[in-house]
Amino acid sequence: MFENIGMPEILVLVVAGLFILGPERLPEAAAWLGRAVRKVKEFATGAQDHLKKELGPEFDQIQQPLNDLRSLRSLNPRTAITRSLFSDDGFAGPVKPNGFAPGAAGTAAGAAGAAAAGGAAAASTPPPAPQPPLVRGEKPPVDWDAT
């Protein structure tokens, strides 16, 4: 909630409160502020729990786009490279429009294993579907993930 407020801002607020309220009323005002923030948090948590109870599984569907946005907020080049290099699910996925199916057949180890098995693994993969011819002036589709 207050992730953008740092120590210098808090110090300025305390000094301003000290000048405005005086040293005898400042602790009482800080305690009142703490109780008010705690009560607002309790109200927000209660409202969220009430929504979860009323909506049931639909609440998760409503919250999914927000969770997706939160995951994008934490995305930076370092985490993207780390995920692509060190996660196992980077090689699993659907067949792309160009016919490339990520997985064992798409890696060097998978190709070596298919050659050692007599090509049985490569033969079991269906060929990609033929693409319709392009109309004059039409550009071919681009697959930025193609390798």
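Basis of the calculations
- Residues numbered from 1 in each chain as written.
- Predicted model: local features only at pLDDT ≥ 70, side-chain atom pairs only at ≥ 80, totals over all residues.
- Heavy atoms only, no water.
- UniProt positions renumbered as here; feature names shortened; annotations may be inferred.
- Helix = DSSP H or I, 4+ residues; strand = E, 2+ residues; numbered from the N terminus.
- Buried < 20%, exposed > 50% of the residue type's maximum accessible area, 1.4 Å probe, protein only.
- Contact = heavy atoms within 4.5 Å.
- Areas by Shrake-Rupley, 256 points an atom, 1.4 Å probe, with all protein chains shown as cover.
- Axes fitted to C-alpha atoms, helices over the stretch in contact; angles between N-to-C directions.
- Parallel < 35°, antiparallel > 145°, perpendicular 65-115°, else oblique.
- Nonpolar A, V, L, I, M, F, W, Y, C, P; charged D, E, K, R; others polar.
- pLDDT = per-residue confidence, 0-100.
- Expected span 1.5 Å × (residues − 1).
- Bend = angle between axes of the 7 residues up to and from the residue.
- Patch = residues over 30% accessible without salt bridge, like charges linked within 9 Å, V, L, I, M, F, W, Y side chains within 5 Å.
- Salt bridge = Lys/Arg side-chain N within 4 Å of Asp/Glu carboxyl O.

Taking an unreviewed UniProt entry as the reference, the protein is identified by name as Sec-independent protein translocase protein TatB belonging to Pseudonocardia spirodelae. Of the comments in the UniProt record for the protein, the one headed Sequence similarities (unreviewed entry) reads "Belongs to the TatB family."

K.L.:
What is the right way to read the overall build of the protein from this model?
P.N.:
When helices and strands are counted, the protein shows 6 helices and 0 strands. Along the chain direction, N to C, the helices and strands of the protein fall in the order α-α-α-α-α-α. Here the protein holds 147 residues, and 4% of them are scored as buried. Considering only residue pairs separated by 6 or more positions, the protein has 29% of its internal contacts joining residues 24 or more positions apart. Summed over all atoms, the accessible surface of the protein reaches about 12,900 Å², with 66% contributed by carbon and sulfur.

K.L.:
In this structure, what is going on with the packing of helix α2 (residues 26–55) against helix α3 (residues 58–73)? I would like to understand it.
P.N.:
Interaxial distance between α2 and α3 falls to 7 Å at its minimum, and their mutual angle equals 125°. Comparing their axes, α3 and α2 come out oblique. Taking contact as the criterion, the partners of Gln48, Leu51, Lys52 and Leu55 in α2 are, on α3, Glu58, Phe59, Ile62 and Gln63. Looking at the contact of α2 with α3 residue by residue, the classes come out as 4 nonpolar, 2 polar and 2 charged.

K.L.:
Looking at this structure, I do not really get the confidence of the model for the protein. What am I missing?
P.N.:
Where the model shows low pLDDT, its predicted coordinates should not be examined in detail. Chain-level statistics for the protein give a pLDDT mean of 74 and a share of 68% at 70 or above. Every residue in residues 104–117 is under pLDDT 50, and counting partners more than four places away or in other chains gives 9 contacts.

K.L.:
Explain α3 here, please?
P.N.:
Quick reminder: α-helices carry 3.6 residues per turn. Residues three or four places apart thus point the same way. Over its 16 residues, α3 extends 24 Å from the first C-alpha to the last, a length consistent with the 22 Å expected when each residue adds 1.5 Å. Considering bend angle alone, the principal kink of α3 is centred on Gln64 and spans about 35°; proline Pro65 follows within four residues of it.

K.L.:
What exactly am I supposed to notice about a nonpolar patch on the surface here?
P.N.:
Residues Ile5, Met7, Ile10 and Val14 make up a contiguous nonpolar surface patch of about 370 Å² in total accessible area. With respect to the helices, strands and loops of the structure, Ile10 is situated in helix α1 (residues 7–21). For Ile10, a relative accessible area of 38% translates into the label partly exposed.

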